[in-house]
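# Close look at the chain arrangement
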Amino acid sequence: MRVDFIMPEEENQGVSWRNGKWEKRPDKFLIIHKSGKNAEKSIDKGQKIPYTGEKKAGEANAGMERIDRRRVWALLLAAAILAGCLAGCAQLTGDPFGNMKIASRPARQEPGEGETSASAGKPAASSSAGGTAAQSGQKTAQTAEGTGKPETGSSAQQTAAPQTPPEAAAILEKAKALAAGYDYDAALALLRSYPDFDSCDELVRASAEFESVKSALVRWPDPTTIPHIFFHSLIVDTARAFDGDSDSGGYNQYMCTVSEFRAILQKLYEGGWVLVGIRDMAPAVKQADGTVRYEPGNILLPAGKKPIILSQDDVNYYEYMTDSDGDHFPDKKGDGFADRLVVDATGALTCEYITAEGAVLTGDYDLVPILESFIRQHPDFSYRGARAIIGVTGYQGVFGYKTHPKWKGILGDQAYGYQIKAAQAVAQSLKAHGYEIASHSFGHPAYGEISADAVRWDVQKWEDEVQPVVGDTDIFLYPFGSDIAGAEDYSGPKFDALYAAGYRYFCNVDGRDYWVQIHDGYVRQARRNIDGYRMYYNPEMLDDLFAVKDVLDPARPLPVPPI
Ligand SMILES: [Zn+2]
C-alpha cells in the first residue's frame, strides 16, 4: 500500500486553532505507542518524546526492518550461491548458476517486498518466511558438508544455505497468508506461478494440503442469513466518558468501551464467526447482456465457521466527544475517545488519542487499529481480506479532520489542504487494508422522516463535500437506522435520489439476528447495534454472538439509562 501523503509535523501536530489563529501548543508531547509488548512497556514507563520525534521514530523503525530484511536476504543469497555451487537445490536442474540467479531476485526486489508486506499488514508472514528459509538452510549446509565438497564460505553462510530457493519460500509464505484468509484459489494460483513449481517439494506439498482443505470447504447455504453488527466510536477512558456530565448517559446507551470491543472480537472468533464483506454476501454479477445483477454470494468456509459483517458509524470523531472548551480541537478534558484516524509513517492505520493528562498518544484506540491488531494475530478471522464498513457523515469533517469547507477560510488554503490530504490518505489506507467506506448521510437526519427534497439535498451535500475526500461509495448506512421504506420493495423519490447518486447497498438497523434482501438492482440489510443499551436491556438478543456477561466492562455504570 502506498500513501502519498504524510502531513508535515507543523500542520499535523502541536498546533491549535485558538483565538482566531493557529497557536503552538507547547504542552503537547508524544508518547510512542505501538501495539505489542514493548510498546506497552514504554507507555508504562511514561516515556515522553517531543513531537518532532514521531516521524523519526517511525522512520527508524522502518529502517530497522529494512536492515533486518537485507541481512536475511544477504545471508540467503550468500548461502544460495554456496548451495548452487555445491549440492544445489535438487529442483534446479541444469545450470548450477541458475540457483544463484534465482536467489538474487528477492534481494533486488526487497524494497517492493517490504511494501507488499506492509500493505497486507502481515509482518508475521515475512518473519516466519525468514525462519523457514533459515531452518531449511541448515539442512542444506549439512548436506553440503556430507558431500565432502570444499568449503567456499564462512560457517554463517553455511548455516543459512537454503534448500528451497528464497523466492519459492517467499511465495510459500504469501500463499500461506492467503490460505489463512480462506482464499485457497489465490494461494494455489500463487504457488503454481513459481516457474519450477513441479520440482519444488515444499510448494507441491503445500499445494496438496491447500487442495485438501479447499475440497472440505462448505458453501454458506443462504447469504440472507448473515448477521451484520455495528458499533460507534469506542470509549477509551471510561472515567471521562462516564463522568456524569450531560453526555454520559448517551455514551452509556450507544457506545462500547475498548475493553468490551476487544472481548467481543475474541468471543466472536472463539465462536467461529468470520468477517466477510457485504460484497461477499451479495456481489454485483455482470450478466450476459452486460447489465449487472446482485446475486447471493458464494462464501466458502470450513465447516463450523460462520460469516458476519461488521460496520462502524460516525467515524468522524465529533467535537462533542473530544473538545471540552469549544475551540473545535480535541483536548485533555474531552470525553475519553480517540480524536482521529492517522496513517503513521510506516503506513499503518492508527488512532490519535489525548489522555486526561494531556499526553497525545497514537495506537489502538478505536475499532480500526484494534481490528487490525486482532487480524494480525488471527488472520482466519477475516475472509479473503474482509474488514469493516466505515460510515462517515460530513458536517464536522471526516475521520477527525477539518475537511468541511468552512475551515478553508479559517485555516487558509495551505493548512486546509493538509487536512484534506490527510483525510484522503486515511481513506486510501482504509481501502488498501480491505475496509469499505460508506455514506452515513451528510447531516445525520432520519431519512425515513424527512421530506424527499431534504433527502435529495443531504445526498447531494455528501457527494459535493465528502465524496471528494473519501472517494465514491455505493453503501449507505441510514442515520438512526431510519429506512426510507418498510420491508416492501424500494420506490419513490427518496430511493430515486439515493439510486441516482450510485447507492446499491442500504443498511437500516434492526434487532433481529439477520435480515437481508437481495434484489436484482440493490441489496438491503439490517444491522444490529452492539451497545450499552442492547447489552443491558436485551442481552438475550446477542446470545448467538456472545454472552454479555463475558464482555461487559465493569467500568460501565449500571443501570444503563432507559431511552
Ligand atoms: Zn450515526
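In this text the structure is predicted, and so the values were computed from the model without any measurement. (Residues numbered from 1 in each chain as written. Predicted model: local features only at pLDDT ≥ 70, side-chain atom pairs only at ≥ 80, totals over all residues.)

## Structural notes on the packing of helix α8 (residues 166-180) against helix α10 (residues 201-215)
The interhelical angle for the contact between α8 and α10, taken along N-to-C directions, is 10°, at an axis separation of 10 Å. Taken together, the axis directions place α8 and α10 in an arrangement best described as roughly parallel. Residues A168, L172, A175 and A179 of α8 lie in contact with α10, whose contacting residues are E202, L203, A206 and F210. In terms of residue class, the contact of α8 with α10 is built from seven nonpolar, no polar and one charged. (Axes fitted to C-alpha atoms, helices over the stretch in contact; angles between N-to-C directions. Helix = DSSP H or I, 4+ residues; strand = E, 2+ residues; numbered from the N terminus. Parallel < 35°, antiparallel > 145°, perpendicular 65-115°, else oblique. Contact = placed C-beta atoms within 7 Å. Nonpolar A, V, L, I, M, F, W, Y, C, P; charged D, E, K, R; others polar.)

## Re α8
Taking 1.5 Å per residue, 15 residues should reach 21 Å; α8 reaches 21 Å between its end C-alpha atoms and fits that length. Along α8, 14 of the 15 residues are buried, which leaves the element largely enclosed by surrounding structure. Two residues or fewer past α8, Y182 is found with a positive phi of approximately 70°. (Expected span 1.5 Å × (residues − 1). Buried ≥ 20, exposed ≤ 12 C-beta atoms within 10 Å, placed from the backbone.)

## Side note on the packing of helix α13 (residues 258-270) against helix α16 (residues 367-377)
Two numbers describe how α13 lies on α16: the axes approach to 11 Å, and their chain directions differ by 35°. When you trace α13 past α16, the crossing you get is right-handed. In this structure, α13 contributes V258, F261, R262 and L265 to the contact, and α16 contributes L367, I370 and F374. In terms of residue class, the contact of α13 with α16 is made up of six nonpolar, no polar and one charged. (Left-handed = near helix turned anticlockwise from the far one by under 90°.)

## Some words on the pairing of strand β5 (residues 228-231)
Burial of the side chains of β5 extends over both faces: H228 and F230 are buried on one face and I229 and F231 on the other. Where β5 meets strand β19 (residues 523-529), two bridges bridge the pair, whose relative direction is parallel. If you follow I229 over to β19, its bridge partner there is R528. (Pairing = 2+ DSSP bridges.)

## Remarks on the confidence of the model for the chain
Across the chain, the average pLDDT comes to 79, with 71% of residues at or above 70. Contacts for the low-pLDDT stretch residues 1-161, under 50 throughout, to residues beyond four places or in other chains number 217 contacts. (pLDDT = per-residue confidence, 0-100.)

## Quick word on unusual backbone geometry
The bulk of non-glycine residues show a negative phi, and the bulk of peptide bonds are trans. P559 follows L558 through a cis peptide bond whose omega is 0°. Inspection of the secondary structure assignment puts P559 in the segment after α23 (548-551). Even without a glycine there, the phi angle at H444 is positive, about 60°. In this fold, H444 is placed in the loop between β15 (436-439) and α19 (452-465). Under the C-beta neighbour-count criterion, H444 is labelled partly exposed, with 18 such atoms within 10 Å.

## Overview of the nonpolar core
With 117 residues, the main nonpolar core has L234, V276, I308, I390, A423 and V426 as its most contacted residues. For this core, the leading source of residues is α8, giving nine residues. When residues of this core are assigned to domains, at least three map to each of domain 1 (9-51 + 220-551) and domain 2 (56-180 + 183-216). Apart from the residues within four sequence positions on either side, I308 is in contact with I226, P227, I229, L268, W273, V274, L275 and V276. (Core = buried A, V, L, I, M, F, W, Y, C linked by C-beta atoms within 7 Å. Domains from an automatic or database assignment.)

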